[in-house]
Protein chains: 2
Amino acid sequence: MPELRKDPINGRWVIIATERGVRPKDFTVERKPSSETFCPFCAGSEETTPPEVLAFRPDHGTPNSPGWTLRVVPNKFPALKIEGDLDRRGHGLYDMMKGIGAHEVIIETPDHDRTLADLSLREVEDVLWAFRGRLLDLKNDTRLRCGMIFKNHGAAAGASLHHSHSQLIALPVVPKTVAEEMAGALRYHRFRDRCVYCDIVEQEVRSGERIVFEAEHVVAVAPFASRSPFETWIVPRQHASSFEDSPAAIYRDTALVMRTVLQKLGLALDDPPYNFMLHTAPFGEPALAHYHWHFEIVPALTNVAGFEWGSGFYINPTPPERAAEYLRAVEVGA
Amino acid sequence: MPELRKDPINGRWVIIATERGVRPKDFTVERKPSSETFCPFCAGSEETTPPEVLAFRPDHGTPNSPGWTLRVVPNKFPALKIEGDLDRRGHGLYDMMKGIGAHEVIIETPDHDRTLADLSLREVEDVLWAFRGRLLDLKNDTRLRCGMIFKNHGAAAGASLHHSHSQLIALPVVPKTVAEEMAGALRYHRFRDRCVYCDIVEQEVRSGERIVFEAEHVVAVAPFASRSPFETWIVPRQHASSFEDSPAAIYRDTALVMRTVLQKLGLALDDPPYNFMLHTAPFGEPALAHYHWHFEIVPALTNVAGFEWGSGFYINPTPPERAAEYLRAVEVGA
């Protein structure tokens, strides 16, 4: 059973995968995406994954067989397990609990070589609907406190399989960064009685200098204190704390903005490795006046990542104004 | 002039290097440590670096000429500049100031191919004395609030030059992670009236299961909530909040433990890339009852780093008990 362990100083929770049993020699070779002789995410390989928990099948075919356009399956090597009690306990001065939670894979397309940026607008929209569907389902599990949806694109950003996919990890704790972001937004709201993200959208749209792309309901902006060159946030104009409670028009526009931004990044930076993460309110929160869901896309470009991520202290060689100006000028197709 | 910008939500400060002017195409090629035809850190290349701010010269020779065993120089491409006023100001809802600060390089040896683990005990001790000397000097600058000393070893951990060196960045702000660690340690002290690091040392030495190596005054331990496989902390047994105020016996033992741990990691993991960072109290703090200086060594082994560092949420496939057991068994020379 994996364990969740809490750092006693800064409150950071870590998943310790006690069963994977990785030995030192497993780390001594450079790990690359596995050779592409067999891909468990391709159409026709359905039997090699755990049974699907969600799939879009235009022809209403049989589960776990071909014919799907998008498929969600539990991770075959999950960092967390869904069965059991949390068993919160201490160990001297340390705190821990069992690694209960969900770890799922959203297979975004049956085609092995199409990236998320290559998908049609409708297909990208479906990916967002799948995110929503899984979050709404997992929220019913009262042991779980938070759902994190993220994507690793490219080996340098941590992708271990080439076939385009995102991941969902649902946790029985609220991770430190999520708690901090919520607390920071609340602090701003108490001081100004406004949502900080609403203020950011207002200021950025007015100045325009860090805007990457605008749609009717959603904007893409290079954040003022970007950690990484070409970091881009996708933020709805209308205030809302939970992604999964959005109306259809918001998913449509978010898909348009995400696809456009990924295509611009791909053209500007020659298909860069990147991570994105959906930032949305933890499970069980009511509609919050101080929090505002959004996506953060962070290209993995600088090679000083080790120290910077670890210390929380970033040096960014590209001003976000210049990154945004560059990305605005990149023309992408429809 | 570089800028320091603060994220308005979580308070993270970022250095934006507005003058480096890195263009998108600079990111499209994989960046490796530069070819080794010329090394500015080798003996004989003294004229190619900015003038030294500290050097150990057993023969008392001329500054900026060969004959040194260790040399500290300002970074030729600094992330921060030492001259000027901070000029703290707002920009709409954002906060920023000029990028004032120091960025120095500690060249640990004149020999191009010897790593820190290859140096003699006396040479490693000298590296620690250099850390101390530079911190004490920079503390005299009242604009500066915090000195961060770190090392990137190996290209995957962000080293851009092969020749063994560490870096010092002194900042006019306290980085978020440092502030959080101080706050977490203070919280524990208020609750228990003891130092959390002293308690960790006590519990770890008693159980022994996560101890990597013990010396008289200093221990190496795999932390309970390790973020990364084989993460190792080096902690003095005696309580002290500032590294730079330590007596000589502590530097001697810290050098012994650091050299032993790096040799063990090198043998166990075939010279892995790693980062280490000195965690010590910010400038201007008195001796603190709740904080305890230490080094954190984090091997850069897992390829999911992008998402994990970015989200602050870690999945570690190797339990620290097993890493410590493994490292204890690795025999190293004297």
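Criteria and cut-off values
- Residues numbered from 1 in each chain as written.
- Chains lettered and ligands numbered in written order.
- Predicted model: local features only at pLDDT ≥ 70, side-chain atom pairs only at ≥ 80, totals over all residues.
- Helix = DSSP H or I, 4+ residues; strand = E, 2+ residues; numbered from the N terminus.
- Buried ≥ 20, exposed ≤ 12 C-beta atoms within 10 Å, placed from the backbone.
- Contact = placed C-beta atoms within 7 Å.
- Domains from an automatic or database assignment.
- Nonpolar A, V, L, I, M, F, W, Y, C, P; charged D, E, K, R; others polar.
- Least-squares fit on C-alpha atoms with pLDDT ≥ 70 in both.
- Pairing = 2+ DSSP bridges.
- Axes fitted to C-alpha atoms, helices over the stretch in contact; angles between N-to-C directions.
- Left-handed = near helix turned anticlockwise from the far one by under 90°.
- pLDDT = per-residue confidence, 0-100.
- Expected span 1.5 Å × (residues − 1).
- Arc of directions from axis to C-beta.

1. Describing the overall build of chain A
So, step 1. From N to C terminus, chain A includes 6 helices and 15 strands.
So, step 2. If one aligns the C-alpha atoms of chain A with their principal axes, the spans along those axes are about 50 × 50 × 40 Å.
So, step 3. Looking at chain A as a whole, 50% of its 334 residues qualify as buried.
So, step 4. Intrachain contacts of chain A at a sequence separation of at least 6 include 68% that bridge at least 24 residues.

2. What about the domain arrangement of chain A?
Residues and elements named next belong to chain A.
So, step 1. Once the domains are mapped, chain A shows domain 1 (3-17 + 40-176) and domain 2 (192-329).
So, step 2. Contributions of two or more residues to the side of domain 1 that touches domain 2 are made by helix H1 (121-138) and strand E8 (146-153).
So, step 3. Sort the elements by how many residues they give to the side of domain 1 that touches domain 2 and H1 lands first, with 9 residues.
So, step 4. Tallied by class, the residues present in the side of domain 1 that touches domain 2 amount to 18 nonpolar, 4 polar and 5 charged.

3. Description of the relation of the copies chain A and chain B
So, step 1. With an axial shift of 0.0 Å and an RMSD of 0.0 Å, the rotation relating chain A to chain B amounts to 180 degrees. Classification of the inter-copy transformation places it as that of a two-fold axis.

4. Here we look at the interface of chain A and chain B
So, step 1. Chain A puts 72 residues into the contact, and the matching count from chain B is 72 residues.
So, step 2. Residue contributions to the side of chain A that touches chain B peak at 7 residues, all from helix H2 (residues 176-192) of chain A.
So, step 3. Grouping the amino acids of the side of chain A that touches chain B by side-chain chemistry returns 41 nonpolar, 19 polar and 12 charged.
So, step 4. Here strand E15 (residues 314-316) of chain A pairs with strand E2 (residues 13-16) of chain B via 3 bridges, running parallel. From the neighbouring strand, Asn316 of chain A faces E2 of chain B, where its bridge partner is Ile16 of chain B.

5. Describing the packing of helix H1 (residues 121-138) of chain B against helix H4 (residues 248-269) of chain B
Residue and element names in this part refer to chain B.
So, step 1. Running from N to C, H1 and H4 point in directions that differ by 115 degrees, and their axes come no closer than 8 Å. The handedness of the crossing between H1 and H4 comes out as right-handed. Residues Leu121, Val124, Glu125, Leu128 and Trp129 of H1 form the contact with H4, whose own contacting residues are Tyr251, Arg252, Thr254, Ala255, Leu256, Met258 and Arg259.
So, step 2. Looking at the contact of H1 with H4 residue by residue, the class counts come to 8 nonpolar, 1 polar and 3 charged.

6. What to know about unusual backbone geometry
Note: most residues except glycine have negative phi, and most peptide bonds are trans.
So, step 1. Even without glycine at this site, Asp193 of chain A takes up a positive phi of about 60 degrees.
So, step 2. Summarising the element assignment, Asp193 of chain A is placed in the loop between H2 and helix H3 (196-207).
So, step 3. Judged by the 9 C-beta atoms lying within 10 Å of it, Asp193 of chain A falls in the exposed class.
So, step 4. Of note in the backbone geometry, Phe230 of chain B takes a positive phi value of approximately 70 degrees without being a glycine.
So, step 5. Along the chain, Phe230 of chain B falls in the loop between strand E11 (218-221) and strand E12 (232-236).

7. What about the confidence of the model for chain A?
All names here are of chain A.
So, step 1. Taken as a whole, chain A shows an average pLDDT of 91; of its residues, 92% reach a score of 70 or greater.
So, step 2. Note on residues 28-32: pLDDT is under 50 here. Beyond four places in sequence and across chains, it has 4 contacts.
So, step 3. Scoring of the predicted complex yields 0.92 for pTM and 0.88 for ipTM.

8. Looking at the environment of Thr177 of chain B
So, step 1. Counting through the fold element by element, Thr177 of chain B comes out in helix H2 (residues 176-192).
So, step 2. The exposure class assigned to Thr177 of chain B is partly exposed, which follows from the 18 C-beta atoms found within 10 Å.
So, step 3. C-alpha of Thr177 of chain B to C-alpha of Lys151 of chain B: the two residues are 26 residues apart in sequence and 17 Å apart in space.
So, step 4. Sequence-distant contacts of Thr177 of chain B, that is, excluding residues within four places in its chain, are made with Ser311, Gly312 and Phe313 of chain A.

9. Notes on H2 of chain A
Residue and element names in this part refer to chain A.
So, step 1. Between the first and last C-alpha of H2 there are 24 Å, a value that for 17 residues agrees with the 24 Å anticipated at 1.5 Å per step.
So, step 2. Where H2 is concerned, the buried positions are Val178, Met182 and Ala185. The buried residues of H2 occupy one face: seen down the axis, they fall within an arc of 65 degrees. Away from its buried face by more than 90 degrees, H2 exposes Arg190 and Phe191.
So, step 3. Positive backbone phi, approximately 60 degrees, marks Asp193, located one or two places after H2.

10. Section: the sheet that holds strand E10 (residues 211-214) of chain B
All names here are of chain B.
So, step 1. A sheet is described by the order of its strands in space; here 10 strands give the open sequence E3-E4-E7-E9-E8-E13-E14-E12-E11-E10, paired in antiparallel fashion. With one partner strand each, in any of the chains shown, strand E3 (54-56) and E10 form the two edges of the open sheet. Each strand of the sheet is rotated relative to its neighbour by a mean of 20 degrees, with strand direction disregarded.
So, step 2. Strand direction decides the pairing type here: E11 and E12, joined by 4 bridges, are antiparallel. Paired with Val221 across the two strands is Trp233, which belongs to E12.

11. Some points on the sheet that holds strand E1 (residues 3-6) of chain B
So, step 1. Strands sit in the order E15(A)-E2(B)-E1(B)-E6(B)-E5(B) across an open sheet of 5 strands; the sheet is mixed. Because the sheet does not close on itself, it has two edges, and the strands there are E15 of chain A together with strand E5 (89-91) of chain B. With direction set aside, neighbouring strand axes in the sheet form an average angle of 30 degrees.
So, step 2. Here E1 of chain B pairs with E2 of chain B via 4 bridges, running antiparallel. Opposite Arg5 of chain B, over in E2 of chain B, you have Val14 of chain B as the bridge partner.

12. Structural notes on the pairing of strand E6 (residues 94-98) of chain A
Residue and element names in this part refer to chain A.
So, step 1. Here strand E1 (residues 3-6) runs beside E6; their pairing, made up of 4 bridges, is antiparallel. Residue pairing for E6: Leu4 is matched across the bridge by Met97.
So, step 2. Bridge count between strand E5 (residues 89-91) and E6: 3 bridges; the pairing is antiparallel. Across the sheet, residue Arg89 finds its bridge partner in E6, namely Met96.
So, step 3. Where E5 folds back on E6, the antiparallel hairpin that results is connected by 2 residues, among which Gly92 adopts a positive phi of roughly 65 degrees.

13. Structural notes on the pairing of strand E9 (residues 165-171) of chain B
Residues and elements named next belong to chain B.
So, step 1. Burial analysis of E9 places 6 of its 7 residues in the buried class, the great majority of the element.
So, step 2. Alignment of strand E7 (residues 102-107) against E9, held across 6 bridges, turns out to be antiparallel. Bridge pairing in E9 places Ala102 opposite Ala170.
So, step 3. Where strand E8 (residues 146-153) lies against E9, 5 bridges are found, and the strand directions are antiparallel. Along E9, the bridge assignment pairs Met148 with Ile169.

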